[in-house]
Amino acid sequence: MSDDLVLHMKGRVLVGPEDVRDEVWVVDGRISYDRPAGTRDVRTVEGWALPGLVDAHCHVGLGAHGPVDDATAEKQAVTDREAGTLLIRDAGSPSDTRWTDDREDLPRIIRAGRHIARTRRYIRGYAHEIEPDDLVAYVAREARRGDGWVKLVGDWIDRDLGDLSACWPADASRAAIAEAHRLGARVTAHCFAEDSLRDLVEAGIDCVEHATGLTEELIPLFVERGVAIVPTLVNIATFPKLADGGRARYPRWSAHIRRLHERRYDTVRAAYDAGIPVFVGTDAGGTLPHGLVAAEVAELVTAGIPARQALSATTWGAREWLGRPGLDEGAPADLVVYESDPRADVRVLAAPRRVVLDGKVVS
């Protein structure tokens, strides 16, 4: 869009779940609710507009076996953009994706650096694999490398035990999280199991990814400490296949993750009902395809979260949590336009009519 071209969005502009306006203008790539003065070229777009969607657990630059080349990372980012995802919290990647910051046509990425895992306790090629004595130093390194987040692997299969088990001693977690906070970074952790959660939350963690092991006993602690969860239900849907594949060698682990899968919706609904902040994340990258944000919102609704709150978990609420603007006066014009009201039916999110990024219609 040239500097002289103004975008006029008409219809219903969902500034918030209840703040609905009839129109918005995009001038020089910025949101304005005042009609611009002077004669300019105007392009009109009609429909229901939302702030650009947020995928709060997404891995641009990560493939099934580790880092991917820039061309593949670009395809991943474009796929997310076409689905309406314009803000990504990249929850761990071994690739340097800073080059995307210079691309006005790609989603904005908030990076958590590279995963930090216990030695031989995560997917090969994904993480720094270290022992507890080195955890503080590596957290400090990734806090400086990221965009205000650090990603730990809180639990994984212990092959000697034959089941999921916590990766870090409580004192190591506490020291590492304190160091991240000292450096101005928040900390999140991959957690499938129950036994990793209490120590991490008591150590001051800010968010838990997946959180399938969240129990009735642990929920009050999460609420008290204000710890958010990103359930990634489209990823948890793969648990039965994983359980089948590992049943012969690790029957205890297989049965465990099958139980976690079976109660996944109850877990998420209980968390939401208790007041735990819940946000949308797809876990795209690695083995999952990109562009699944609409499916994850639909999964939250299936779990029992009301549609407007599930929508907020990928729009207004998610952007506030990550410290990024929505459709505010003067904010960068990142918005997605739909045929009908997504508050009435979140399945509308699967079919964006227009995607506007940095004030330009990119799809």
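Within every chain, residues take consecutive numbers counted from 1 along the sequence as written. Restriction of local features to residues with pLDDT of at least 70 applies here, the model being predicted, together with a cutoff of 80 or more for giving and counting side-chain atom pairs; totals for whole chains, interfaces and linings are based on all residues. Side-chain numbers here rest on the full set of heavy atoms in the structure, without hydrogens or water.

**Q** Give a detailed account of the overall build of the protein chain, specifying residues and quantitative values.
**A** By definition, any uninterrupted DSSP run of H or I lasting at least four residues is a helix, any uninterrupted run of E lasting at least two residues is a strand, and each is numbered from the N terminus. Counting its regular elements, the protein chain contains 12 helices and 20 strands. As a reference, a globule follows 2.2 Å times the number of residues to the power 0.38, and the radius of gyration itself is taken over C-alpha atoms. Scaling as 2.2 N^0.38, a compact globule of 363 residues should have a C-alpha radius of gyration of about 21 Å, and the protein chain matches this with 21 Å. Dimensions of the protein chain, computed from the C-alpha atoms along their principal axes, are close to 70 × 40 × 35 Å. Buried, partly exposed and exposed residues are distinguished by accessible area as a fraction of the type maximum, computed with a 1.4 Å probe on protein chains only: under 20%, between the cut-offs, and over 50%, respectively. Looking at the protein chain residue by residue over its 363 residues, the buried ones come to 56%. Any two residues having at least one pair of non-hydrogen atoms within 4.5 Å are treated as being in contact. Sequence-distant contacts, at least 24 apart, represent 65% of the contacts inside the protein chain between residues at least 6 apart. Accessible areas in this description were obtained via Shrake-Rupley with a 1.4 Å probe; residue shielding takes into account the shown protein chains only. Summed over all atoms, the accessible surface of the protein chain reaches about 14900 Å², with 46% contributed by carbon and sulfur. For the protein chain, the distance from the average position of its 46 positive side-chain charges to the average position of its 58 negative side-chain charges is 2 Å. A residue counts as positive if it is Lys or Arg and as negative if it is Asp or Glu; His and the chain ends are not included. Taken as the charge location is NZ of Lys, CZ of Arg, CG of Asp or CD of Glu.

**Q** Pulling in residues and values, what's your account of helix α7 (residues 239–246)?
**A** Residues Phe239, Ala243 and Gly246 constitute the buried set of α7. The buried side chains of α7 occupy one side of the element, clustering within an arc of 75° when seen end-on. The exposed residues of α7 that point more than 90 degrees off its buried face are Lys241 and Gly245. On its buried side, α7 packs onto α6 (233–236) and α8 (251–262). Directions from the helix axis toward the C-beta atoms define the arc.

**Q** Talk me through the side chain of Thr315; I want residue IDs and the actual numbers.
**A** With respect to the helices and strands, Thr315 occurs in the loop between α11 (307–312) and α12 (316–322). Relative accessible area serves as the criterion here: at 0%, Thr315 is assigned to the buried category. Once residues within four sequence positions are removed from consideration, Thr315 is found in contact with Leu50, Pro51, Leu53 and Val54.

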